[in-house]
Amino acid sequence: MFKGKNVKLINPAACTGINVRLRCPVCGHLGTFERVKDINDLMIHVPTSGALYLGERSCPNIECSAVIFFIRDTSGYVVSYPPQRIDFNKEGIPENVKKTLEEAIECHANQCYTASAMMIRKTLEEICEEKGAKGEDLQKRIKDLSSKIIIPKELLEGMDELRLLGNDATHIESRLYENIEKEEVDVAIEFAKEILKAVYQYEHLLGRLRNLKKK
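Throughout this description, residue numbers start from 1 for each chain and increase along the sequence as written. Restriction of local features to residues with pLDDT of at least 70 applies here, the model being predicted, together with a cutoff of 80 or more for giving and counting side-chain atom pairs; totals for whole chains, interfaces and linings are based on all residues. Only heavy atoms go into the side-chain values, all of them from the structure, while hydrogens and water stay out.

S.K.: I'd like a rundown of the overall build of the protein chain, residues and numbers included.
M.R.: Tallying secondary structure elements over the protein chain gives five helices and seven strands in all. Going from N to C terminus, the protein chain has its helices and strands arranged as β-β-β-β-β-β-β-α-α-α-α-α. Considering only residue pairs separated by 6 or more positions, the protein chain has 53% of its internal contacts joining residues 24 or more positions apart. Values of accessible area rely on a 1.4 Å probe in the Shrake-Rupley scheme; residue burial ignores everything except the protein chains shown. Just so you have it, the protein chain exposes about 13,300 Å², and 50% of that area is on carbon and sulfur atoms. The secondary structure listing takes helices from DSSP runs of H or I that are at least 4 residues long and strands from runs of E that are at least 2 residues long, numbered from the N terminus. Here a residue-residue contact requires only that any non-hydrogen atoms of the pair lie within 4.5 Å.

So this is what it looks like as structure tokens:
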């Protein structure tokens, strides 16, 4: 990763113990990760990047304690392995729909933005199938879906926008898919989460509330 005689190793004692705040890629806990006992951090100087801190940290969630490797620059920007993932509340979401968006988030975490866009689109297809929406293509199925669920029109319009996201990525002869970037997929995943919340989770939450009243 770092090559060349100009890369210099700096005294490890100068950086050991720096705070690393992450969302755990294993349990999803957000917190300040703790230094792994008896393992010192490293600090290197790269001419193109400045000082970089390298080390290992463990998740502060005692039920997890996953160990991650991190690289942090002087501005506080952190890259970790396994990579951080966008938080996703899975409660009340059907298995096929949940797994598809999880795969989109996994692709996003690994900077595979084209693949992530395709899986976001597939998430819409899974919603339509689960709700029994009919049509010869996704556009028509989304239109039919509007007669089967009640959600804000802005979210329905958003579904049509997401339908087009990654559309060119499904055709090898097209090169437009190369324009899909991180920010576009960031927003698309957040929008997809809101759609799932409206389609499934409000109803699920209402059901839990009603069940409490019966007790």
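So, next bit.
S.K.: Go over unusual backbone geometry with me, naming the residues and quoting the values.
M.R.: Both trends apply: most residues other than glycine have a negative phi, and most peptide bonds are in trans. The peptide bond linking Y81 to P82 adopts the cis configuration, its omega dihedral lying at -5°. Here P82 shows up in the loop between β7 (78-81) and α1 (95-109). Positive phi outside glycine occurs at S65, with the angle close to 60°. Throughout, exposure labels follow a simple rule: accessible area from a 1.4 Å probe, protein chains only, divided by the maximum for the residue type, with under 20% read as buried, over 50% as exposed, and the rest as partly exposed. Judged by its relative accessible area of 38%, S65 is partly exposed. Positioned with a positive phi, Q111 is a non-glycine residue whose angle comes to about 65°. Tracing the sequence through the fold places Q111 in the loop between α1 and α2 (113-130).

S.K.: Before we move on, can you summarise the nonpolar core with the specific residues and values?
M.R.: Ranked by size, the top nonpolar core spans 34 residues in total, and within it I120, I127, I151, M159, L162, I195 and L196 carry the most contacts. When residues of this core are traced back to their parent elements, those giving at least two are α1, α2, α3 (138-145), α4 (153-164) and α5 (182-214). For this core, the element with the most residues is α5, which contributes nine residues. With residues near it in sequence (within four places) discarded, L196 still touches F88, I93, V97, L101, T123, I127 and Q201. Put simply, a nonpolar core is a bunch of buried Ala, Val, Leu, Ile, Met, Phe, Trp, Tyr and Cys residues held in one set by side-chain atoms that sit within 4.5 Å of each other.

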